[in-house]
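Residue strings, one per chain:
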Amino acid sequence: MADLRELYQQVILDHNRSPRNYKRLPDASHTAEGTNPLCGDEITVYVLLEDDVIKDVGFQGSGCAISQASASLMTSAVKGRGTDEAEQLFRAFHDMVTAGPDAPADSKALGKLAALAGVRQFPARVKCANLPWHTLHAALTGVHEPVSTE
Ligand code: ZN
């Protein structure tokens, strides 16, 4: 088993310590809540959508370093993008964290999100990393029940 410390790279530590877009959007057009009962992660994602473009995005919640860093990286990555681009990133991210341990991360498409590639060696952590994305997806598709990774 790989050393857990390898997972907590600089990027993840940085985003956990000072999360980007950690805010409630009072004028959000779309919101959703998500939970990962396995780990105790909770998140609310706020999106301000205008003409299918994510004008602004924020999140609030509590949980482990992976879920918080993933939410921070995700909001940074999707801000200013079209909803179709955001969904493409979601798929690329999901493929990355569920791929075999030796599969190369598509860092060109994923950018900084590739920092989370290491979670695929820790199956329990994959849900932590995916939670913000599932919650964003729920917000964009108008799901009103809280999403759960279980
Ligand atoms: Zn977690």
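See the structure above.
Residues numbered from 1 in each chain as written. Predicted model: local features only at pLDDT ≥ 70, side-chain atom pairs only at ≥ 80, totals over all residues. Heavy atoms only, no water.

A. Representation of the pattern of salt bridges. Inspection of every chain in the model, using the stated rule, returns 5 salt bridges. Between Asp14 and Arg20 there is a salt bridge, and its shortest N-O distance comes to 2.7 Å. Between Arg81 and Glu85 there is a salt bridge, with its nearest N and O atoms 3.9 Å apart. Arg81 sits in the partly exposed class, given a relative accessible area of 30%. In the salt-bridge network here, residues are joined through shared partners; they are Lys23, Asp56 and Lys79. (Salt bridge = Lys/Arg side-chain N within 4 Å of Asp/Glu carboxyl O. Buried < 20%, exposed > 50% of the residue type's maximum accessible area, 1.4 Å probe, protein only.)

B. Highlighting the nonpolar core. Counting residues in hydrophobic clusters, the biggest one holds 38 residues, and the most contacted among them are Val47, Val78, Phe93 and Trp133. Looking at this core, the elements that each hand over two or more residues are strand S2 (41-50), strand S3 (53-62), helix H3 (65-78), helix H4 (83-98) and helix H6 (123-140). Among the elements that take part in this core, H6 stands out by supplying 9 residues, more than any other. Not counting the four nearest positions on each side in its chain, Val47 is found in contact with Leu25, Ala28, Ser29, His30, Ile54, Asp56, Val57, Leu136, Ala139 and Leu140. (Core = buried A, V, L, I, M, F, W, Y, C linked by side-chain atoms within 4.5 Å. Helix = DSSP H or I, 4+ residues; strand = E, 2+ residues; numbered from the N terminus. Contact = heavy atoms within 4.5 Å.)

C. Up close: the packing of H4 against H6. Interhelical geometry of H4 versus H6 gives an angle of 160 degrees and a closest axis separation of 10 Å. Relative to H6, H4 is oriented roughly antiparallel. The two elements H4 and H6 meet at a crossing, and its hand is left-handed. When H4 is examined against H6, the residues Thr83, Ala86, Glu87, Leu89, Phe90, Phe93, His94, Val97 and Thr98 are found in contact with a partner set consisting of Val126, Ala129, Asn130, Trp133, His134, His137 and Leu140. Tallied by class, residues from the contact of H4 with H6 come to 9 nonpolar, 6 polar and 1 charged. (Axes fitted to C-alpha atoms, helices over the stretch in contact; angles between N-to-C directions. Parallel < 35°, antiparallel > 145°, perpendicular 65-115°, else oblique. Left-handed = near helix turned anticlockwise from the far one by under 90°. Nonpolar A, V, L, I, M, F, W, Y, C, P; charged D, E, K, R; others polar.)

D. A look at the sheet that holds strand S4 (residues 147-148). In spatial order, the strands read S3-S2-S1-S4; together these 4 strands make up an open sheet with mixed pairing. The open sheet has two edge strands, S3 and S4, and neither has a second partner. (Pairing = 2+ DSSP bridges.)

E. Representation of H3 in the model. Here H3 spans 20 Å end to end across 14 residues, near enough to the 20 Å set by a 1.5 Å rise per residue. Among the 14 residues in H3, 13 count as buried, and that is most of the element. (Expected span 1.5 Å × (residues − 1).)

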